[in-house]
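Reading the structure
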Amino acid sequence: MGKGGGTRIPLWISILALVFIHIKVQAQGGEQPTKSEYVSPSLLQRQNSVKSQGVTIIPSFPNTLKVKAGNPSHNGRVCSTWGNFHFKTFDGDIFYFPGVCNYIFASNCKSSYEDFNIQIRRAMVENATVITHVIMKLEGVVIELTPSSVLLDNKLVQMPYSHMGVFIERSNNYLKVSAKLGLTFLWNGQDALLVELDKKYANQTCGLCGDFNGIPVSNEFISGKTKLTPIQFGNMQKMDGPTEQCDDPIPPTSLMNCSREFASICETVLTSKAFTSCNMLVNVQDYIDTCTQDLCHCDSSMADFCMCNTFAEYSRQCAHAGGQPLNWRTSDLCPKSCPFNMQYHECGSPCSDTCSNPERSALCEDHCTDGCVCPPGKLISCPFLIAKTL
């Protein structure tokens, strides 16, 4: 995908255009609806200046409270990566780095004791970029994550799992790791991963997430008097294994013939009614530009993968900023399916109501997340099964 030629295929463009004209990407409210070496223009300007099984859904108690909107804005403490090799630092810079080696994503590198160290590895799977391996060093333990397993100090663990200030669980469609030291980690098991840190770690981090000093570009893409490209910055974070010699990515060739229709498609979705609250909280132009670059540089057969993942990332950033993205997906645009009679919501409670805690979602203090949730007035009866299978 990152190597795609970006060739314009009239039929493909026509189909996309017809889809967008037809759906108009209208919000469904709370109800379920039937590269070049790219850096976002805002960064350039600063530089120049699992399937479920065995889950039973039963009627809930009538006094279940309504889900709260979520916490106030804290997206300034979030670093993420998604889709076609895109990254957003703690300080808000969005950049493109097509590396498939092992890299330090974020670490506490400027203190005498390293509280945390998170490393990630991507690979091409069926022509799509996915995160295949994550290593987390937290509170003196090593957590190793793959799409199919969770190991703690080389021992397989069942979720939910809690020990020594570290809690591992499934939350909607995400694997979630929380540490009392002030760290939250979310991974959808595919392309998207994010880390949220307590502000006490400001100006104390290293890795692809940057230094968390609150100043965009500085120290990440400007070192002394030298400007670094995203490729140069990314390569500095590589951590080869003892016997590994992983090649650095080659900067892709710039594509000059990029259709304006691509930008129109991206803008249509990202400024639709579903994202009205988001547009006031998160700079939408960065994501329109990222989406446009995806359509220009992704292989045409993977355009939906690239485009949909950037839409999803904008929705996640909106939730972290205190917004409530509405259901923007339809049967024609980036559809999602859920097991049994569960429903996919773009802004659902990450705390599932259960038989033992039927009002858990009402008391939940976490921001909303996308994923499969129970229909209104229903409960999931077996939380341990959710942890194993969602």
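Summarised in this report is the structure supplied together with it. Since we're looking at a predicted model, the values are computed, not measured.

Moving on to the side chain of His86. Turning to its location among the elements, His86 is positioned in strand β3 (residues 86–88). Judged by relative accessible area, His86 falls into the buried class, the value being 0%. At a separation of 2.6 Å, a polar atom in the side chain of His86 contacts the side chain of Asp294.

Moving on to the state of the cysteines. Note on terminology: disulfide describes a covalent bond linking the sulfur atoms of two cysteines. Summed over all chains, the structure comprises eight disulfides. Here Cys266 connects covalently by a disulfide to Cys291, the sulfurs 2.0 Å from one another. Note on the Cys266 and Cys291 pair: the S-S dihedral is about -75°, so by sign convention the disulfide is left-handed. Of this pair, Cys266 sits in helix α4 (residues 260–270) while Cys291 is found in helix α6 (residues 284–297), placing the two residues 25 residues apart along the sequence. Each of the two residues, Cys266 as well as Cys291, counts as buried. Here Cys338 engages in a disulfide with Cys372; their sulfurs sit 2.2 Å apart. Taking the sign of the S-S torsion, about -90° here, the bridge from Cys338 to Cys372 comes out left-handed. One end of the pair, Cys338, is in the loop between α7 (303–320) and β19 (343–348); the other, Cys372, is in strand β20 (residues 369–373), with 34 residues separating them in the sequence.

A word on the environment of Met124. Take Met124: it is sitting in strand β6 (residues 116–125). Met124 sits in the partly exposed class, given a relative accessible area of 40%.

So, about the pairing of strand β7 (residues 128–138). In regular strands, side chains alternate between the two faces of the sheet. When you tally the buried positions in β7, you get eight out of eleven residues, the bulk of the element. One ladder, built from five bridges, connects β7 with strand β8 (residues 141–146); its direction is antiparallel. What sits directly across from Val134, in β8, is Leu145. Linking β7 back to β8 in an antiparallel pair, the connection comprises two residues, with Glu139 at a positive phi of about 50°.

Moving on, we come to the environment of Leu175. As for its position among the elements, Leu175 is in strand β13 (residues 174–179). The spatial distance from the C-alpha of Leu175 to the C-alpha of Asn188 is 6.2 Å, given a sequence separation of 13 residues. When neighbours within four sequence positions are excluded, Leu175 is seen to be in contact with Leu145, Val150, Met159, Ile168, Glu169, Arg170, Phe185, Leu186 and Trp187.

Before going further, it helps to spend a moment on the pattern of salt bridges. When charged atoms on two side chains of opposite charge get close, those side chains can pair. As enumerated under the stated definition, the model contains six salt bridges in all. One salt bridge in this structure joins Lys238 and Asp240, with 3.9 Å as the shortest N-O distance. Judged by relative accessible area, Lys238 falls into the partly exposed class, the value being 23%.

Attention shifts here to the environment of Gly241. Looking at the element boundaries, Gly241 is found in the loop between α3 (230–235) and α4. Along the chain, Gly241 and Cys101 lie 140 residues apart, while their C-alpha atoms are 9.7 Å from each other.

Another aspect to go through is the nonpolar core. In this structure, Phe105, Ile143, Leu183 and Phe185 are the most contacted members of the largest nonpolar core, which totals 45 residues. The dominant element in this core, judged by the number of residues it contributes, is β7, at four residues. In terms of nonpolar packing, the next biggest core, distinct from the first, is built from 29 residues, Ala192, Leu270, Phe275 and Val282 among them.

Residues lying three or four places apart along an α-helix face the same way, a consequence of the helix completing one turn every 3.6 residues. End to end, α6 covers 20 Å across 14 residues, agreeing with the expected 20 Å (1.5 Å per residue, within 8%). Counted residue by residue, α6 has 13 buried out of 14 residues, so it is predominantly covered. Looking at where α6 begins, the residue whose side-chain oxygen comes 3.1 Å from the main-chain nitrogen of Gln285 is Asn283.

Now for the pairing of strand β12 (residues 166–171). With five of six residues buried, β12 is to be regarded as a mostly interior element. Pairing geometry for strand β11 (residues 161–163) and β12, over three bridges, is antiparallel. Across the sheet, Tyr161 pairs through a bridge with Ile168, a residue of β12. The loop that links β11 with its antiparallel partner β12 comprises two residues; one of these, Met164, has a positive phi angle of about 50°. For β12 and β13, the ladder comprises six bridges, and the chain directions are antiparallel. Its bridge partner lying in β13, Ser171 is registered against Tyr174. With antiparallel pairing between neighbouring strands as the criterion, β12 and β13 make up a hairpin whose turn holds two residues, including Asn172 at a positive phi of roughly 55°.

The antiparallel open sheet is built from eight strands, whose spatial order is β4-β3-β2-β15-β14-β13-β12-β11. Each of the sheet's edge strands pairs with one partner strand only, and the pair in question is β4 (94–96) and β11. Sheet twist, expressed as the mean angle between neighbouring strand axes with direction ignored, is 15°. Most of the contacts of α7 go to strand β2 (residues 78–82), to which it runs at about 165°, and overall it touches β2, β3, β13 and β15 (193–197).

On to the sheet that holds strand β10 (residues 155–156). The sheet built from seven strands is open, its strands ordered β10-β9-β8-β7-β6-β5-β16 with antiparallel pairing. On the outer flanks of this sheet lie β10 and β16 (205–206), each paired with one strand and no other. Examined bridge by bridge, strand β9 (residues 149–152) and β10 share two bridges and lie antiparallel to one another. Considered in β10, the bridge of Leu151 is made with Leu156.

Cut-offs and rules
Residues numbered from 1 in each chain as written. Predicted model: local features only at pLDDT ≥ 70, side-chain atom pairs only at ≥ 80, totals over all residues. Heavy atoms only, no water. Helix = DSSP H or I, 4+ residues; strand = E, 2+ residues; numbered from the N terminus. Buried < 20%, exposed > 50% of the residue type's maximum accessible area, 1.4 Å probe, protein only. Polar contact = N/O pair within 3.5 Å; in protein donor to acceptor, adjacent residues only side chain to side chain. Disulfide = S-S within 2.5 Å. Pairing = 2+ DSSP bridges. Contact = heavy atoms within 4.5 Å. Salt bridge = Lys/Arg side-chain N within 4 Å of Asp/Glu carboxyl O. Core = buried A, V, L, I, M, F, W, Y, C linked by side-chain atoms within 4.5 Å. Expected span 1.5 Å × (residues − 1). Axes fitted to C-alpha atoms, helices over the stretch in contact; angles between N-to-C directions.

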